[in-house]
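A structural walkthrough
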Amino acid sequence: MHQTEDEIIVKPMVVDAERMIATAPPSTDKSMTHRAIMLASMAAGTSRIANPLTGSDCLAMRRAFADCGVTFQDAINDAGEPQWIVTSKGLDHLQQPDHPLDLGNSGTAARLLIGLFSSLKDFKCSLTGDDSLRSRPMGRVVEPLRNMGAEISYTKSPGKLPLTITSHCLTPRTHNLAIASAQLKSALVFAGLSTHGETVVELPAGSRDHTETMLQHLGASIRRRVSGEREIVSVVGPWRPNPFECTIPADPSSVAFFAAMSAIHPSLQINAQRLIKNKSRIGFYEKLAEMGLEVCWSNERIDPDCLGERVADLGVKSGVVLSLKPIHVPAAVTVRMIDEVPVLAIVATFADGVSLFEGLSELRVKESDRLSQLVQLLGAAGVRVEHGPDWLRVYGSGIRPVNAFSFDSDDHRLVMSAMILATKANGPSKIRGLSWIDTSFPLFRRAFQNITAGTK
Ligand code: S3P
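Residues numbered from 1 in each chain as written. Predicted model: local features only at pLDDT ≥ 70, side-chain atom pairs only at ≥ 80, totals over all residues. Heavy atoms only, no water.

Take the sheet that holds strand β2 (residues 20-23) next. Strand order in this open sheet of four strands is β2-β15-β17-β16, and the pairing throughout is mixed. At either margin of the open sheet sits one strand with a lone partner, and together these are β2 and β16 (293-303). For this sheet, the mean angle separating the axes of adjacent strands, direction not counted, is 15°. As paired elements, strand β15 (residues 268-276) and strand β17 (residues 309-318) share five bridges and run antiparallel to each other. Following the sheet pairing, asparagine 271 is matched in β17 by glycine 315. Docked against the sheet, helix α9 (residues 283-291) engages β15, β16 and β17, running at close to 150° with respect to β16. (Pairing = 2+ DSSP bridges. Helix = DSSP H or I, 4+ residues; strand = E, 2+ residues; numbered from the N terminus. Axes fitted to C-alpha atoms, helices over the stretch in contact; angles between N-to-C directions. Contact = heavy atoms within 4.5 Å.)

Once that is clear, we can look at the side chain of serine 88. Within the secondary structure layout, serine 88 lies in strand β5 (residues 82-88). Note on serine 88: relative accessible area 7%, which makes it buried. At 2.9 Å, the side chain of serine 88 and the backbone nitrogen of glycine 90 are in polar contact. (Buried < 20%, exposed > 50% of the residue type's maximum accessible area, 1.4 Å probe, protein only. Polar contact = N/O pair within 3.5 Å; in protein donor to acceptor, adjacent residues only side chain to side chain.)

What follows is about the site of the ligand. Around the ligand lies a shell formed by Lys30, Ser31, Arg35, Thr108, Ser181, Ala182, Gln183, Arg208, Ile338, Asp339 and Lys366. For the ligand, an oxygen atom lies 2.6 Å from a polar atom in the backbone of alanine 182. Interatomic distance of 2.7 Å between a side-chain N/O atom of aspartate 339 and an oxygen atom of the ligand. Protein contact buries 97% of the 380 Å² of open area that the ligand shows by itself. (Near = heavy atom within 4 Å. Areas by Shrake-Rupley, 256 points an atom, 1.4 Å probe, with all protein chains shown as cover.)

Moving on, we come to the pairing of β15. For a regular strand, side-chain orientation follows a simple rule: the groups alternate between the two sheet faces. Of all nine residues in β15, seven are buried, a share of seventy percent or more. Pairing between β2 and β15: four bridges, direction parallel. Each bridged residue has a counterpart across the sheet, and for isoleucine 21 the counterpart in β15 is glutamine 269.

Interface size is often expressed as the accessible area that is lost when the parts come together. For the chain, the domain assignment lists domain 1 (2-27 + 249-453) and domain 2 (30-247). Measuring from the centre of the C-alpha atoms in domain 1 to the corresponding centre in domain 2 gives 28 Å. Interface of domain 1 and domain 2: buried area, both sides summed, is about 2,500 Å²; carbon and sulfur atoms make up 53% of it. When the area that domain 1 buries against domain 2 is broken down by residue, the three leading residues are Leu307, Glu367 and Thr439, summing to 26%. Counting across the domain 1 and domain 2 interface gives four salt bridges. Across the pair arginine 136 and glutamate 367 runs a salt bridge whose closest N-O atoms are separated by 3.8 Å. Our count for the contact surface shared by domain 1 and domain 2 stands at 14 residue pairs in polar contact (both at pLDDT 80 or more). Elements that contribute at least two residues to the side of domain 1 that touches domain 2 include exactly β15 and α13 (412-422). (Domains from an automatic or database assignment. Buried area = accessible area lost by both parts, 1.4 Å probe. Salt bridge = Lys/Arg side-chain N within 4 Å of Asp/Glu carboxyl O.)

To continue, consider the pattern of salt bridges. Using the criterion set out here, one finds 35 salt bridges in the structure. Among the salt bridges present, the one from arginine 140 reaches glutamate 362, with a minimum N-O distance of 2.8 Å. Placement of arginine 140 in helix α5 (residues 139-147) and of glutamate 362 in the loop between β19 (354-358) and α12 (370-380) is noted, with a sequence separation of 222 residues between them. Residue glutamate 362 is classed as buried on the basis of its relative accessible area, which comes to 16%. Put simply, glutamate 300 and arginine 310 hold a salt bridge, and the shortest N to O gap is 2.9 Å. You can see glutamate 300 sitting in strand β16 and its partner arginine 310 sitting in strand β17, a full 10 residues away along the chain. A relative accessible area of 38% means that glutamate 300 is categorised as partly exposed.

Quick reminder: α-helices carry 3.6 residues per turn. Residues three or four places apart thus point the same way. The buried fraction of helix α6 (residues 182-192) is high, at 11 of 11 residues. Of all the positions in α6, only Ala182, Gln183, Leu184, Lys185, Ser186, Ala187, Leu188, Val189, Phe190, Ala191 and Gly192 are classed as buried. Its side-chain oxygen at 3.3 Å from the backbone nitrogen of glutamine 183, serine 181 defines the N-terminal cap of α6.

Moving on: the packing of helix α1 (residues 30-42) against helix α2 (residues 56-66). Contact geometry of α1 with α2 gives a least axis separation of 9 Å together with a crossing angle of 10°. One finds that α1 runs roughly parallel with respect to α2. Taken together, the residues of α2 that come into contact with α1 (itself represented by Lys30, Thr33, His34, Ile37, Met38 and Ser41) are Asp57, Cys58, Met61, Arg62 and Phe65. In terms of residue class, the contact of α1 with α2 is made up of five nonpolar, three polar and three charged. (Parallel < 35°, antiparallel > 145°, perpendicular 65-115°, else oblique. Nonpolar A, V, L, I, M, F, W, Y, C, P; charged D, E, K, R; others polar.)

Here the focus is the sheet that holds β19. In space, the four strands of this open sheet follow the order β18-β19-β21-β20, with mixed pairing throughout. Unpaired on one side and paired on the other, β18 (328-329) and β20 (384-387) mark the two borders of the sheet. Two elements, β20 and strand β21 (residues 391-395), share four bridges in a ladder whose sense is antiparallel. Counted as the bridge partner of valine 385 is valine 394 from β21. Running at roughly 15° to β21, α12 makes contact with β20 and β21 of the sheet.

Okay, the environment of isoleucine 114 next. Mapping isoleucine 114 onto the fold places it in helix α3 (residues 107-118). For isoleucine 114, a relative accessible area of 0% gives the class buried. It is 40 Å that separates the C-alpha atoms of isoleucine 114 and isoleucine 9, two residues lying 105 residues apart in sequence. Sequence-distant contacts of isoleucine 114, that is, excluding residues within four places in its chain, are made with Leu127, Met138, Val141, Val142, Leu145, Ile152, Leu163 and Ile165.

This part takes up the packing of aromatic side chains. The tally for this structure, following the rule as stated, stands at 10 aromatic pairs. Each ring, one from phenylalanine 65 and one from phenylalanine 117, has its centre 6.0 Å from the other, and the planes form 65°; the classification is edge-to-face. With phenylalanine 65 in helix α2 and phenylalanine 117 in helix α3, this pair connects stretches of sequence that are 52 residues apart. Centre to centre, the rings of phenylalanine 257 and phenylalanine 444 are 5.9 Å apart; their planes meet at 75°, and the pair counts as edge-to-face. Taken together, the positions of phenylalanine 257 in helix α8 (residues 252-264) and phenylalanine 444 in helix α14 (residues 444-452) put the pair 187 residues apart, joining distant regions of the chain. (Phe/Tyr/Trp six-rings, centres within 6.5 Å; stacked < 30°, edge-to-face > 60°.)

What follows is the structure, encoded as structure tokens:
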């Protein structure tokens, strides 16, 4: 088979009977990097972010603030880690950009910045993005902000980027949201930081809480509680951070690809260091354990260097019995592993029985319609699936190879999921869309090649 730059031919992987132990690449967290860039740009003075994720999504966020006059210097800290030195005059002194800020493929950057910028004083800017981002819903953020008095106008299509924000002092409100989205929650919290009084956000389920943890650590007046399945966050503004130093820990959504490899290749053990072990992010690992994998966390701690985030080291290997149990993923768990659904569905393909995933409607509005692309991928590999508007049933047929397949995607998580699936096919598979992987995981390809070549 012929291979071009944007595609890869993945051959089935054979792991020797003897156990192979590999370490997942130290790819750091996308959500925390986004928020660290925002907080450092809000603080008047110099902050330092060690181990930032350099995926194109986070670089789009960094570029947006650079276009507003914040300076970013690339350095290496005393521990030998890459570090961004961020110098800002503070949120109230950002330069108004003279061109639309291009947020590329990043939904998180777009939504969080809409919240942050709409609540400033005397600031006007336009936001845009690539084809995928321009097709994603922004009304879910814009409507509640308009309810607080924000002035946001769509340039081309209602509910979509590009849009223009003319900032105003906003009125605090209690928002009762229908969607459990951390991006939406965080956008309103960032707006609340420039609003006089208490902004409250209620969501139907607990979503990732990095914004709350980081803000609390830096001294903001913010509270989060979970009542039944509902999540309630309240923030009192106005508030501005002081400059800070932090280190970004490893991203559980990225390590998940290698953990999944270990699940479907029984003699492969995957280790990862200083990984986020926050309840709102580890639904995937709980489900792997339920399937019969040994998921061992050690050295668990609240890390002040990571702005109060809970981190731990991880080892994943198959249990004594080399078969995977099917799983049920209810909607409240889906939200705690929203980005890992495709790769968990790949693992479910090799389970002994039928797995059911629920609460998947948000997958329809990610970087692609992820549910459709996932169904297409599994179908191409000959896996039997059924799906509805927000659910998926995967008929696992045990730990035996699927059909070799061809797959083309413009969604980073689907491209990586396809590569993992291809390691367990009955012949070489061709996957196109490799350049998208840089969105969230620039180190993926090298690590994947090392592990499939048997290098630790
Ligand atoms: C993110 C939240 C999630 C996730 C995205 C990052 C964040 O989106 O899919 O990759 O950093 O807040 P939703 O909160 O919209 O589900």
